[in-house]
Amino acid sequence: MRVLLAGGGTAGHTSPLLATADALLRRDPATEVLCVGTARGLETRVVPAAGHELALIPPVPLPRRPGMELLRVPGRLRAAVREAGAVINRFRPDVVVGYGGYVSMPVYVAARRRKLPLVVHEQNALPGIANKVGARVADHVAVSFPDTPLKGATYVGLPIRQMISTLDRAALRDEARASFGLDPSLPTLLVTGGSQGARRLNQAVAASSRALGEAGVQVLHVVGPKGEAQPEPVPGVPYVVEHFVERMDLAYASADLVLCRSGASSVTEAAAVGLPAVFVPLPIGNGEQELNARPVVDAGGGLLVSDAALSAEWIAATVPDLATDPHRLAGMGAAAAALIPRDADERLAALVAEAAGRGRAR
């Protein structure tokens, strides 16, 4: 089976793409995979690092407001469709899988013109434009959250890496904390703004560092590649700053609580491993991040605070009491873990294989 996977830009697209590729290869090691992205995204680093071939096409951003950039979209789309078609002609896939974003729209159009089987996966609770279009012509539409408004969609969850989906946090905790230089016995807050970091989170948490330390809460703070934090640590209570963490399984295993954005990957990974969360939705876009977090919050697995409301004072008044309450944390973790499928990669791979088989039978 030859599978073309289209998606890129941020970890929200590349992480489920790579998890699906791994699941397909576990099903059948003879499967050939080609990933399609653009030169401006995270995929240029993470796809080759995962051992997969990457083809690049021009990005086609879709402006949210009228203007000259919007007028340029048709010409850019035509050029990108030509490039996507050339990639498809060369690779000759049995099935095309798209994850939305700048990359997927031209691939959807090129695949449709060649009458190839198409599978669309939407990672957010509120679908983007590319996947709204792709879903109309797809053989299968898969979604990460049960109430995602795409007609005929199958709820499979969000594919995540096996190092996360199979994680036993308790069994790995001592090793994880030692790897970051954390105290093995102190309650631990993990802070992460995703693959690029989040300035708002970095500033608010660093400014609350003394209150956290005085409560005996240590911090593992992943500030992002270009992020920074200037905490005021309390002696004897570690405050560890990292720019990037390759082994997020160790970061999750070290933590009792995470404060993070609510992109689909962040919500799914935290919930899947039973890690209680304080979600701070990114205040741009169509409000999809708040919708992503809402099912976990409503189930009792997390708290939701707006970006505007997040402050050092809010953190100091809320987080220490929660982070030092093991009974409340255990209940929140169990509620979150019960909500999120850990085998979404296998479920999506099965849909992809079915679509490919149907295409070969045509």
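Residues numbered from 1 in each chain as written. Predicted model: local features only at pLDDT ≥ 70, side-chain atom pairs only at ≥ 80, totals over all residues. Heavy atoms only, no water.

(A) Expanded view of the overall build of the protein. For the protein, the helix and strand inventory stands at 16 helices and 13 strands. Relative to the 2.2 N^0.38 estimate, which gives 21 Å for 362 residues, the radius of gyration of the protein is 21 Å and therefore close to what a compact globule would have. For the protein, with 362 residues in total, the buried portion stands at 54%. Long-range pairs, those at least 24 residues apart, make up 64% of the contacts in the protein between residues at least 6 apart in sequence. Here the protein has roughly 15500 Å² of accessible surface; of this, 52% comes from carbon and sulfur atoms. (Helix = DSSP H or I, 4+ residues; strand = E, 2+ residues; numbered from the N terminus. Rg over C-alpha atoms; globule rule 2.2 N^0.38 Å. Buried < 20%, exposed > 50% of the residue type's maximum accessible area, 1.4 Å probe, protein only. Contact = heavy atoms within 4.5 Å. Areas by Shrake-Rupley, 256 points an atom, 1.4 Å probe, with all protein chains shown as cover.)

(B) How the structure looks around the packing of helix 12 (residues 264–272) against helix 13 (residues 288–298). Where helix 12 meets helix 13, the closest approach of the two axes is 9 Å, and the angle between their N-to-C directions is 20 degrees. In terms of orientation, helix 12 lies roughly parallel with respect to helix 13. At the point where helix 12 passes helix 13, the crossing takes the left-handed sense. For the pair helix 12 and helix 13, the contacting residues are Ala-264, Val-267 and Ala-271 in the first and Asn-292, Ala-293 and Val-296 in the second. Here the residues of the contact of helix 12 with helix 13 are counted per class, giving five nonpolar, one polar and no charged. (Axes fitted to C-alpha atoms, helices over the stretch in contact; angles between N-to-C directions. Parallel < 35°, antiparallel > 145°, perpendicular 65-115°, else oblique. Left-handed = near helix turned anticlockwise from the far one by under 90°. Nonpolar A, V, L, I, M, F, W, Y, C, P; charged D, E, K, R; others polar.)

(C) Inspection of the pattern of salt bridges at higher detail. Summed over the entire model, instances satisfying the criterion amount to 13 salt bridges. One network of salt bridges, in which partners are shared, links Arg-26, Asp-345 and Glu-346. (Salt bridge = Lys/Arg side-chain N within 4 Å of Asp/Glu carboxyl O.)

(D) Local environment of the nonpolar core. Phe-180, Leu-190, Leu-220, Ala-251, Tyr-252, Val-258 and Phe-279 are the most contacted members of the largest nonpolar core, which totals 37 residues. For this core, the secondary structure elements donating two or more residues are helix 8 (169–180), strand 9 (218–222), helix 11 (248–254), strand 11 (257–260), helix 12, strand 12 (277–279) and helix 13. Other than its neighbours up to four places away in sequence, Leu-220 contacts Phe-180, Leu-182, Leu-189, Leu-190, Val-191, Val-240, Glu-242, Ala-251 and Ser-254. Listed in part, the 27 residues of the second largest apolar core include Leu-4, Val-36, Val-81 and Val-120. (Core = buried A, V, L, I, M, F, W, Y, C linked by side-chain atoms within 4.5 Å.)

(E) Local environment of the packing of aromatic side chains. The full count for this structure, using the stated rule, is zero aromatic pairs. It is Arg-2 that lies over the ring of Phe-91; its NZ or CZ is 4.5 Å from the centre. The ring of Phe-244 is capped by Arg-45, whose NZ or CZ atom sits 5.2 Å from the centre of that ring. (Phe/Tyr/Trp six-rings, centres within 6.5 Å; stacked < 30°, edge-to-face > 60°. Lys NZ or Arg CZ within 6 Å of the ring centre and 35° of its normal.)

(F) How the structure looks around the pairing of strand 2 (residues 32–37). In terms of burial, strand 2 is largely enclosed, as five of its six residues are buried. Relative to strand 2, strand 1 (residues 2–6) is paired through five bridges, and the arrangement is parallel. In the sheet register, Leu-4 faces strand 2, and the bridge partner there is Leu-34. Following the backbone out of strand 1, through helix 1 (residues 11–27) and into the adjacent parallel strand 2, one traces a crossover that is right-handed. Pairing between strand 2 and strand 3 (residues 53–56): four bridges, direction parallel. Bridge pairing in strand 3 links Cys-35 to Leu-54. (Pairing = 2+ DSSP bridges. Right-handed = clockwise from strand over helix to strand, strands pointing away.)

(G) Examining the side chain of Asn-292 more closely. Note on placement: Asn-292 falls in helix 13. Here Asn-124 takes part through its side chain, which lies 2.8 Å from a polar atom of the side chain of Asn-292. When neighbours within four sequence positions are excluded, Asn-292 is seen to be in contact with Asn-124, Ala-125, Phe-145, Ser-262, Gly-263, Ala-264 and Val-267. (Polar contact = N/O pair within 3.5 Å; in protein donor to acceptor, adjacent residues only side chain to side chain.)

(H) Main features of the sheet that holds strand 7 (residues 154–155). As summarised here, the arrangement of the seven strands in space is 3-2-1-4-5-6-7, forming an open sheet in which the pairing is parallel. In the strand order of this sheet, the two ends are held by strand 3 and strand 7, each with one partner. Each of strand 1 and strand 2 is contacted by helix 1, which is oriented at about 170 degrees to strand 1, the strand it contacts most.

(I) Region of the structure containing the sheet that holds strand 11. What the six strands build is an open sheet, ordered 10-9-8-11-12-13; its pairing is parallel. If you trace the sheet from one side to the other, it starts and ends with strand 10 (239–242) and strand 13 (302–304), each paired once. Neighbour-to-neighbour, the strand axes of the sheet open up by a mean angle of 15 degrees, direction not taken into account. Pairing of strand 12 with strand 13 involves three bridges; the strand directions are parallel. Counted as the bridge partner of Ala-277 is Gly-302 from strand 13. Here helix 13 sits on the sheet in contact with strand 12 and strand 13, set at roughly 140 degrees to strand 13.

(J) Region of the structure containing the environment of Arg-199. Relative to the assigned elements, Arg-199 resides in helix 9 (residues 199–207). Along the sequence, Arg-199 and Pro-283 sit 84 residues apart, while their C-alpha atoms lie 13 Å from each other.

(K) Quick look at unusual backbone geometry. Of note in the backbone geometry, Arg-92 takes a positive phi value of approximately 55 degrees without being a glycine. Judged by relative accessible area, which is 62%, Arg-92 ranks as exposed. Of note in this structure, Lys-115 is not a glycine but carries a positive phi near 55 degrees. For Lys-115, the location among the structural elements is in the loop between helix 5 (104–113) and strand 5 (118–122). Given the relative accessible area of 70%, Lys-115 is considered exposed.

Geometry only, nothing functional implied.
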